[in-house]
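Each chain, letter by letter, is given below.
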Amino acid sequence: MFELIKITDKTYYFDIPTKIGVYKLDDKKVMLIDSGLNAKTADRVLKVLEDNGLEVAFIVNTHSHTDHAGGNRYLCETAKCKAYAPEVEDVLIEYSDVEATLVYGGFPCRDFRKKFMNTESCKTYPLSEAPLPEGTEILRLPGHTAHMIGVKTPDDVYFIADVVNGKNAIDKAKICYVYDITTQLETLEKLKELDGKLCVPAHTDPTENIAYLAKINIENLLEIRQRILNTLKEKPMTTEELTASLCRQYGLKVDFMILVMITSAIRSHLVSLRHSGKLDWFIEDYMHYWKIGEE
Ligand SMILES: [Zn+2]
C-alpha cells in the first residue's frame, strides 16, 4: 500500500487508499497532490519518498476533506514545505472545525469527529500562489465540495479527487456524500469531455474511460432524486423521516457518522429539488416537512 505506483516517468501515486499524486519536478523534488488522512500516513509517505531520494517541494490540495488534507500539518512541519488549496478549501483546512460544522449542520457532536472530519489544522495558502510547474492545469470540479479542483500534470495525467465514486462504492453506499447536487451533476456532465485521458480518481482505479464512471455517478444521483420524489408522493416527510425511509429502501447499514453524512447528502438533494420547483415545504406543529411542488 505505501509504495510509489508509477504512471509515467514523472507521475506516480500512493494508494493509501485515498490517492496522493506525486509529480517529479526534478530528480529530487516532488509536488504532492493531496496529503493523506493524518500524520501517521504522511510519515509513511515521507519515508517512502526518502527511500527513493525524493523530497516534498509543496502540496496542492484538491479539497479540504480529512482524507485529502489530514497529512498537511505533519508534512509542512517535517518537510518544511507549504500547502496550497483553492479558495475556501484553504480556509477550511486551516479552520478545520468549520468543515465538520458544515456537514453536521451546527456545532459538531464529538462522536462525529473520529477518523474523518478530524483534520489537523494547517496554514494553507491560496492556490494562485502555488509554484505549479509549467504545463499544469487546474480543473474546477465543484459539487462534492464547493470549490474542489482536479490537477492535470504537465505529462497529461488527470488527478480528479472525489468527483466520481467507483462502481463498488456506489453499489455499497448507495447514498454518497455530495455538498451541492445541482453543481455536481453539471460537473459530471463536463467530466465526460475528458474521456480517453488518463484520469486518477482518489477512491477507485485510474481509468481512460471516465465517461463511464461519470455516467454511473449521474445515474446514481438521478435514481436517488426519483426515489425521493416517489417517496414524498406518498406523503410529506421531514428530512429525518425521509432519510430513514431511503436507508430502509436501500437496506443500508449505518453508524452515527454515516447517518450524519447521508442526512447531509439528502438535504442537498432536497434543496436541489426545491430550487428546481419539484419540491415545496411547510411547517406544521413546529416540524419542517417536504412535499411535492405545485409546478
Ligand atoms: Zn472528499
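Residues numbered from 1 in each chain as written. Predicted model: local features only at pLDDT ≥ 70, side-chain atom pairs only at ≥ 80, totals over all residues. Heavy atoms only, no water.

### Re the overall build of the protein
Selection rule: Starting at the N terminus, helices and strands are each numbered in turn, a helix being any DSSP run of H or I of at least four residues and a strand any DSSP run of E of at least two. C-alpha atoms define the radius of gyration in this analysis, and the globule rule sets the expected value at 2.2 Å times the number of residues to the power 0.38. Note on exposure labels: buried denotes an accessible area under 20% of the residue type's maximum, exposed denotes more than 50%, and partly exposed covers the range between, all computed with a 1.4 Å probe on protein chains only. Any two residues whose heavy atoms approach within 4.5 Å are treated as being in contact. Only the protein chains shown count as covering a residue, and every accessible area follows the Shrake-Rupley method with a 1.4 Å probe. The charged-residue count follows a simple rule in which Lys and Arg add positive charge and Asp and Glu add negative charge, with His and chain termini not counted at all. Working definition for charges: the position is that of NZ of Lys, CZ of Arg, CG of Asp or CD of Glu.
Counting secondary structure elements, the protein contains 10 helices and 13 strands. Computed over C-alpha atoms, the radius of gyration of the protein comes to 20 Å, within 12% of the 19 Å expected from 2.2 N^0.38 for 295 residues, which places it in the range of a compact globule. The principal-axis extents of the C-alpha atoms in the protein amount to approximately 65 × 40 × 35 Å. In the protein, buried positions account for 51% of the 295 residues. Relative to all contacts within the protein whose residues are 6 or more apart in sequence, the contacts with residues 24 or more apart total 63%. Taken as a whole, the protein presents about 14,300 Å² of accessible surface, with 50% of it coming from carbon and sulfur. When the 36 basic and 45 acidic side-chain charges of the protein are each reduced to a single mean position, those positions are 3 Å apart.

### Digging into the sheet that holds strand E7 (residues 125-126)
To summarise the sheet geometry, strands pair through backbone hydrogen bonds and adopt either a parallel or an antiparallel arrangement. Stated precisely, the cut-off is as follows: One bridge is not enough; two strands pair if DSSP finds at least two bridges between them. Working convention: axes come from line fits to C-alpha atoms, limited for helices to the stretch in contact. Angles between N-to-C directions cover 0 to 180 degrees.
Strand order in the open sheet formed by 7 strands is E1-E2-E3-E4-E5-E6-E7, with mixed pairing between adjacent strands. In this open sheet, the two edge strands, each paired with only one partner strand, are strand E1 (5-6) and E7. Alignment of strand E5 (residues 55-60) against strand E6 (residues 82-85), held across 3 bridges, turns out to be parallel. Counted as the bridge partner of Phe58 is Lys82 from E6. Strands in contact with helix H1 (residues 39-51) are strand E2 (11-15), strand E3 (19-24), strand E4 (29-33) and E5; relative to E2, the strand with the most contacts, it is inclined by about 145°.

### Notes on the layout of surface pockets
So the rule is basically this: A pocket here means an open set of points on a 1 Å grid, computed over the protein atoms alone, that has protein on both sides within 12 Å along at least five of seven lines. A cavity is instead a set of points where a 1.4 Å probe fits but cannot get out; residues with an atom within 4 Å of a point line either one. Grid points are joined across faces, edges and corners, and a volume is the space filled by probe spheres set on the points. Ten residues, namely Ala, Val, Leu, Ile, Met, Phe, Trp, Tyr, Cys and Pro, are considered nonpolar, four, namely Asp, Glu, Lys and Arg, are considered charged, and the remaining ones, Gly among them, are considered polar. Boundaries of every domain are those given by an automatic assignment or by a domain database.
Taken as a whole, the largest pocket holds about 1,100 Å³ of empty space. Forming the boundary of the largest pocket are 31 residues, of which Asn165, Ala173, Cys176, Tyr177 and Met261 lie nearest the centre. Looking at the lining of the largest pocket, the elements that each hand over two or more residues are helix H2 (66-69), helix H6 (167-173), helix H7 (181-191), helix H8 (210-234) and helix H10 (256-275). The element contributing the most residues to the lining of the largest pocket is H10, with 4 residues. Here the residues of the lining of the largest pocket are counted per class, giving 17 nonpolar, 9 polar and 5 charged. Counting contributing residues, the lining of the largest pocket receives three or more from each of domain 1 (5-162) and domain 2 (231-292).

### Digging into the domain arrangement of the protein
What counts here: Computed with a 1.4 Å rolling probe, the buried area is the accessible surface lost when two parts are put together, summed over both parts.
Domain boundaries in the protein define domain 1 (5-162) and domain 2 (231-292). Between domain 1 and domain 2, the C-alpha centre-to-centre distance is 32 Å. Every contact between the two is made by 7 residues of domain 1 and, on the other side, 6 residues of domain 2. Both sides together, the interface formed by domain 1 and domain 2 hides about 600 Å², and carbon and sulfur atoms give 78% of it.

### Describing the nonpolar core
Basically, it comes down to this: Note on terminology: a nonpolar core comprises buried Ala, Val, Leu, Ile, Met, Phe, Trp, Tyr and Cys residues joined through side-chain atoms within 4.5 Å.
Ranked by size, the top nonpolar core spans 25 residues in total, and within it Leu4, Phe14, Val22, Leu32, Leu49 and Ile59 carry the most contacts. With 5 residues, the top contributor of residues to this core is H1. Contact partners of Leu49, with chain neighbours within four places excluded, come to Leu4, Phe14, Val22, Val30, Leu32, Leu54 and Val56. If you look at the next biggest cluster of nonpolar residues, it comprises 22 residues, including Tyr158, Ile170, Val178 and Leu185.

### Here we look at the coordination of the zinc ion
Heads up, the condition is: Sites may look incomplete because water is not among the atoms; the donors themselves are N, O and S atoms within 2.8 Å of the metal, or within 3.2 Å for Na, K and Ca. Here a site with four donors is tetrahedral if all angles are between 85 and 135 degrees, and a site with four or six donors is square planar or octahedral if opposite donors are over 155 degrees apart and the other angles are between 65 and 115; anything else gets the irregular label.
Protein coordination at the zinc ion: the donors are His63 (NE2), His65 (ND1), His144 (NE2) and Asp162 (OD), at 2.1 to 2.3 Å from the metal. Every donor counted, the 4 donor atoms about the zinc ion form angles of 90 to 167° at the centre, which fits irregular coordination. On the basis of relative accessible area, His65 is assigned to the buried category, the value being 7%. His144 sits in the buried class, given a relative accessible area of 10%.

### A few points about the pairing of E5
Heads up, the rule is: Crossover handedness is defined by viewing with both strands directed away from the observer: a clockwise path from the first strand over the helix to the second marks the crossover as right-handed.
For E4 and E5, the ladder comprises 5 bridges, and the chain directions are parallel. The residue bridging Met31 from the neighbouring strand is Phe58, located in E5. In this fold, the crossover linking E4 to E5 by way of H1 has right-handed handedness.

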